[in-house]
Amino acid sequence: MTSIRIKNYGKINKDKVIKFTWDNKEYSGYEGDSLASALLANDIRIVGRSFKYHRPRGVMSCGVEESGALVTVGSGSKRDPNVRATTQELYSGLNASGQNAFPSVNFDFGGINNYLGRFFAAGFYYKTFMGLPPFEWGKGTGIWMVFEKIIRKAAGMGKASREPDPDSYEHANDFCDVLVVGSGPAGVAAAQEAANQNLNVILIEQDSLLGGNNLAEKAFDSSLLQKQLESKGIRVMSRTTAFGVYDNTVVGALERVTDHLSNPNTFLPRQRFRTIRAKYIILASGALERHIAFNNNDIPGVMTANASRQYLNRYGVLTGKKIVITTNNDSVYQTAIELHEAGSKVTVLDSRKNIKIDLPKEIEIHLETLPFSINGSRKIESLDVCKTSDKTNKNTIICDQVLVSGGWSPIVNLVSHRGIKPVWNEENLCFVPGEIKENITVVGSAKGIWNNEDCIQSGIVGANEAMNSLGVSKKTISHLSVGGWSNPINALFEVKSNKFPSKSFIDFQHDVTAEDVRLAHREGFVSVEHLKRYTTLGMANDQGKMGNIIGLSLMAEQLDKTIPEVGTTVFRPPYTPVPIGALTGRNVDKHFRPLRVTPMHQWNIDHGAKMIDVGLYQRPWYYPKKNETLSDAYIREATIVRKTVGICDVTSLGKIAIQGPDATELVNRIYTNPFAKLPIGKARYGIMLRDDGIVMDDGTSWRLGENEYFMTTSTAAAAKVMSWLEELLQTRWTDLKVNVTSVSEQWAGAAIAGPKSRDVLNECVLDPNKITNEKLPFMGVLQTKLKDGTPCRVVRISFSGELAYEMYIESDYAHGMMDILWENAQKYEGCLYGLEALGALRVEKGHVTAAELDGRVTIDDAGLGKMASTKKSYIGSAMRKRGVMGADDRDMLVGFYPLNEKETFNAGTIVCEKNNIHGQGVGRITSVTHSPELGHWIGIGFVKGGLEKWKDVTLVGADPVRDKQMEIKVVSPHMVDPEGKRMYA
Amino acid sequence: MIRIKCPYCGERDHSEFTYGGDASVEYPALDASVSDWTKAIFFRENIRGNQKETWHHTNGCRLWLEVERSTITHEIKSVKACHPQIDKITKNNS
Ligand SMILES: [Zn+2]
């Protein structure tokens, strides 16, 4: 191929020269060029190396279907591999290079694979990785092991950057009445017709210029079209690809905002991921020209015929001097004429006979003639041709380019996303969209309509369908028929070669040859889906845009079936690759998930807290002094709580206001224990079950008034419990007069725990006489005021087993509450304590949390069976003892000690019998801590049959993950102050 | 993407909602038998066609909705508030 830029052609701006780099050398092109057109204009023929065989590859198309010119753009953190040179717009400073080659695509050591071709046939990887004996001349898999390293390194495409992506991406949302995908003749006609009826229309186009295949017309003016469309109020989005169609006529689209700019403004995102919610979708996505499989049909210089016309009329590049066009259909003849007029010597091979075509006499035409084999390796030297009737007798035509057209395939991918199977049209040898039952229609060549005028008419019909569906018109719809060529196409998918190994490619990106398909068939792969996976046909990033139909036809031939009988594989989104960065949008780093902080977050940090993530919340973990480690700090904190007093932020607990005349009834139905007679001013600890009798959550409810409760839930289950109460009230118990409101954000809470907690509280509140053992007994609730007059709520409740209270205040006053609590706690040598000490204190007491209540545990398993009322019915009461849930060998809550008190263990340890350390054992340890009170490690967890069964037995804690084993004994989960004397003090 | 026409908020993406369960289930009384509860909790039709299901407008008005949806096409045939009085109010206002 000798490609050159020619005068008087192209829609590029020849006044604006653009410098770019290819494989470290500087070249120039013009504004409006694609990287591919600029490379062709510089007569750079070899731009890639193929996947397996490292064969030289050139530009093979002019669009998204490109399978040859896959290049790497940018470097460092901006390196982007597998970019289609055909769709990459040229910009000043663009730095592109060939890939999958060493040292360069022009001279590649990997080319040796071309001669090892028989080892790379279909299923190669499957066969060899299964360890089957490899090659005749080797013995066993040993030799394969040697080759594997080399081959693995040599096979592959471009390499992605290993650095973090420096670009930013955005998500955008759009709504419209009619979304038109594609700005070719059909799409434009549809958009205009719909806009004329004052419908809100979006037209999206993947290309930088509007026009679709009109861009291959010499006289076509894209910017004029853009102005016309915008003047009608149509929102035009170019450089935007509709990559997927989803339920409810929602389209996913990728807008490339700055990929064509040399120095984009830093405030611009690189790409936008658009979710377009349309009421109606008109797909005018066009059609793709097919290749023909024949020997060496991948040598640089082979291209689809229409692509050559695009390069001529859009980019002013004449892609060859001596061109052979080989076809089975009428679409190439305009191209032949224009290439001839532009100065090339053109020969046409048409596989048909008796066709009527008017051609200038300088264009040679050979009917009933097929391309047989290309001669040349790095470029085309000549083409061997033969007659359809006699493949043994060959002629050779000297040429530098071979254009192919094996027919056209409507782009049915987007319709296929909706689960609609394409239908084979035998007359036009293509799949057309099947019947669509939702607000989507297909127009133009995407429907198999070939002529420009018919496409325009088809677009208008599509717009009428849309308007009828949306109720703005009642027009009669008459669809255009598929086709439109004056001479019928004939079947030409492959010209079989007698050479072996054949190099007739059908999937250029994955180096799948016609012979691979036959091999797959011989080895028993008869389903098209199996064929695809075994040969990897259609699995590269072009997803078989160029080769699928040829593969199907070859499979059909092997199976002695028709193409529709073989079927087609399902296309799935995305139509073209979508960067992960675009899908992620701004949800990266800190925005990956929302961060919840309590109102005293800053206060905690100012007072030295180390924070820990608990769900979305950040909570104080421990408050280290000087060089204290986590373990030093929590042991000190827990010790001080048991000795004097500690203050802890407990705001993250869920809080729900329950109000209304039936508030008591609701609370009584959802907790297992009785709430019907809870007096005003008292709180109660309660357990909620699910419908199936498993524990859902535990928490407290305080009766604030006749018709008002304040409920706390665990941090983990806060959202779930709220939704659950709403579900019950809105779907099941719709007669209850009660309202629930989440007030988790409205109240800040702190626990004040330890023998001195009452003294501290009395120093903090306005009227110190209120807080006595008599006036505020265990589970008593008090609404009072802090010294400064701020109203607060106090409940006497204990998670640590000590005399303890929780104080709640309106969130805005949280810092003030903490200041006053801390000021007074210090007078009693108190401390601030975090989640780790909180955990230690509750494990010592055998209190369960989310680690224990994991959705498998019944109230009896958790040792709380006495909280299940026998006098009332409640959610889960019927089901809690059904079947195995009533068995007496269930996993039940116990405490664990290491037999040797110096040993430690971890949560997750499996509890086993001494002589049977195996499988799931007889139990598990769920929470562990060092117990400051007992002076050694303790744990809680579950064991089959509970304490009674294992009281005096030495068991083994197996921790295979950490390769650890220790002897343990089972104890009561209430390890410190089992009678609870301190709590009631 | 499924779009649900909330009777209070209007048509919204399904990502604002949380799927609940089978809306056709009549939950038995709290003191009903284990077999009645077992039927209500565990036994479900595997419907090919229109199915009534509950959705919670979690990131919206927090109404529980009864949605009739085709399990074949995801097409939504109808949406209403589960609570009969709320349903009445939203219908009067529309
Ligand atoms: Zn809503």
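Reading guide: rules and limits
- Residues numbered from 1 in each chain as written.
- Chains lettered and ligands numbered in written order.
- Predicted model: local features only at pLDDT ≥ 70, side-chain atom pairs only at ≥ 80, totals over all residues.
- Heavy atoms only, no water.
- Helix = DSSP H or I, 4+ residues; strand = E, 2+ residues; numbered from the N terminus.
- Buried < 20%, exposed > 50% of the residue type's maximum accessible area, 1.4 Å probe, protein only.
- Contact = heavy atoms within 4.5 Å.
- pLDDT = per-residue confidence, 0-100.
- Buried area = accessible area lost by both parts, 1.4 Å probe.
- Salt bridge = Lys/Arg side-chain N within 4 Å of Asp/Glu carboxyl O.
- Polar contact = N/O pair within 3.5 Å; in protein donor to acceptor, adjacent residues only side chain to side chain.
- Axes fitted to C-alpha atoms, helices over the stretch in contact; angles between N-to-C directions.
- Parallel < 35°, antiparallel > 145°, perpendicular 65-115°, else oblique.
- Left-handed = near helix turned anticlockwise from the far one by under 90°.
- Pairing = 2+ DSSP bridges.
- 1 Å grid on protein atoms, 1.4 Å probe; cavity = no way out; pocket = protein on both sides within 12 Å on 5 of 7 lines; lining within 4 Å.
- Points joined across faces, edges and corners; volume = space filled by probe spheres on them.
- Core = buried A, V, L, I, M, F, W, Y, C linked by side-chain atoms within 4.5 Å.
- Donors = N, O, S within 2.8 Å, 3.2 Å for Na, K, Ca; no water.
- Tetrahedral: all angles 85-135°; square planar, octahedral: opposite > 155°, others 65-115°.

### Overview of the side chain of A:N548
All names here are of chain A. The residue N548 is located in helix α12 (residues 548–559) in this model. Residue classification places N548 among the buried positions, given a relative accessible area of 13%. In this structure N548 touches L537, G538, Q543, T569 and F571, once residues within four positions along its chain are discounted.

### A short note on the confidence of the model for chain B
On average, residues of chain B carry a pLDDT of 95, and 100% of them reach 70 or more. This complex was scored by the predictor with a pTM of 0.90 and an ipTM of 0.98.

### Overview of the interface of chain B and chain A
When the parts of a complex come together, some accessible area is lost, and that lost area is often taken as the interface size. At the junction of the two partners, chain B supplies 24 residues and chain A supplies 28 residues. Regarding the contact of chain B and chain A, the summed buried area is about 2200 Å², with carbon and sulfur atoms giving 58% of it. Summed over the three residues of chain B that lose the most area to chain A, namely B:M1, B:L30 and B:W64, the buried surface amounts to 32% of that side. Where chain B meets chain A, there are two salt bridges. Summed over the shared surface of chain B and chain A, the number is eleven residue pairs in polar contact (both at pLDDT 80 or more). Elements with a minimum of two residues in the side of chain B that touches chain A: β2 (10–13) and α1 (34–42) of chain B. Per-element tally for the side of chain B that touches chain A: the top contributor is α1(B), with five residues.

### Observations concerning the packing of helix α19 (residues 757–764) of chain A against helix α20 (residues 814–827) of chain A
Residue and element names in this part refer to chain A. Viewed as axis vectors pointing N to C, α19 and α20 meet at an angle of 130°, and their least axial separation amounts to 9 Å. Between α19 and α20, the angle falls in the class oblique. When the axes of α19 and α20 are compared, the crossing they make is right-handed. Within the contact between the two elements, α19 uses V760, L761, E763 and C764 and α20 uses I820, L821, N824, A825 and K827.

### Observations concerning the sheet that holds strand β38 (residues 708–713) of chain A
Residues and elements named next belong to chain A. As summarised here, the arrangement of the five strands in space is β36-β37-β38-β35-β39, forming an open sheet in which the pairing is antiparallel. The open sheet has two free edges, formed respectively by β36 (683–689) and β39 (739–742), since each of these has just one partner strand. Here the average twist between neighbouring strands, direction ignored, is 30°. With six bridges joining them, strand β37 (residues 695–705) and β38 adopt antiparallel strand pairing. Bridge pairing in β38 links T700 to T712. Where helix α18 (residues 718–732) meets the sheet, it contacts β35 (654–659), β36, β37, β38 and β39, and its direction lies at approximately 160° from that of β39.

### Regarding empty space enclosed by the protein
Residues and elements named next belong to chain A. Under the definition given, this model contains five cavities of 30 Å³ or more. Of the volumes computed, that of the largest cavity is approximately 180 Å³. S409, P410, N413, K545 and F571 are, among the 15 residues lining the largest cavity, the residues nearest its centre. Among the elements of the structure, β25 (408–410) and α12 are those that each provide at least two residues to the lining of the largest cavity.

### Here's the deal with the nonpolar core
All names here are of chain A. Formed by 49 residues in total, the largest nonpolar core has its most connected members in F20, W22, L35, V59, Y311, I325 and L339. Secondary-structure elements contributing two or more residues to this core are β2 (13–22), α1 (35–41), β6 (70–73), α6 (305–315), β17 (317–318), β18 (322–327), α7 (333–341) and β19 (345–350). Considering each element in turn, this core owes the most residues, six residues, to α1. Beyond its immediate sequence surroundings of up to four residues, Y311 is in contact with A36, S37, L40, V59, S61, C62, T86, M303, G316, V317 and T319.

### Section: the pattern of salt bridges
All names here are of chain A. Applying the stated criterion to the full structure yields 61 salt bridges over all chains. For R55, the salt bridge goes to D298, with nearest N and O atoms at 2.7 Å. Taken together, the positions of R55 in the loop between β4 (48–49) and β5 (56–57) and D298 in the loop between β15 (287–289) and β16 (302–304) put the pair 243 residues apart, joining distant regions of the chain. What makes R55 buried here is its relative accessible area of 6%. You can call D298 buried: its relative accessible area is 1%. In this structure, the salt-bridge partner of R856 is D854, at a minimum N-O distance of 2.8 Å. A cluster of three or more residues bridged by salt bridges with shared partners is formed by E170, D174, E255, R272, R274 and R586.

### Structural notes on the coordination of the zinc ion
For a metal bound by four donors in a tetrahedral arrangement, the ideal donor-metal-donor angle is 109.5 degrees, while six donors in an octahedral arrangement ideally sit at 90 or 180 degrees. All names here are of chain B. Every protein donor of the zinc ion is listed here as C6 (SG), C9 (SG), H57 (ND1) and C61 (SG), and their distances to the metal cover 2.0 to 2.3 Å. Coordination at the zinc ion is tetrahedral, judged from the four donor atoms that bind it and the angles of 105 to 115° they form at the metal. Mapped onto the polypeptide sequence, the residues donating to the zinc ion form the spacing pattern C-x2-C-x47-H-x3-C. Of this pair, C9 sits in the loop between β1 (3–6) and β2 while C61 sits in the loop between β4 (50–56) and β5 (64–70); the two residues are 52 residues apart in sequence, bridging distant segments of the chain. C9 sits in the partly exposed class, given a relative accessible area of 24%. Judged by relative accessible area, C61 falls into the partly exposed class, the value being 24%.

### Quick look at the environment of A:E255
Here A:E255 lies in strand β13 (residues 250–256). The contact partners of A:E255, leaving out residues within four places of it in the chain, are A:R239, A:T240, A:R270, A:Q271, A:R272 and A:R274.

### Some words on the environment of A:H291
All names here are of chain A. Within the secondary structure layout, H291 lies in the loop between β15 and β16. Sequence separation between H291 and M546 is 255 residues; the distance between their C-alpha atoms is 6.5 Å. Leaving out residues up to four positions away in the same chain, H291 has contacts with M60, V302, T304, V404, G406, F508, M546 and I550.

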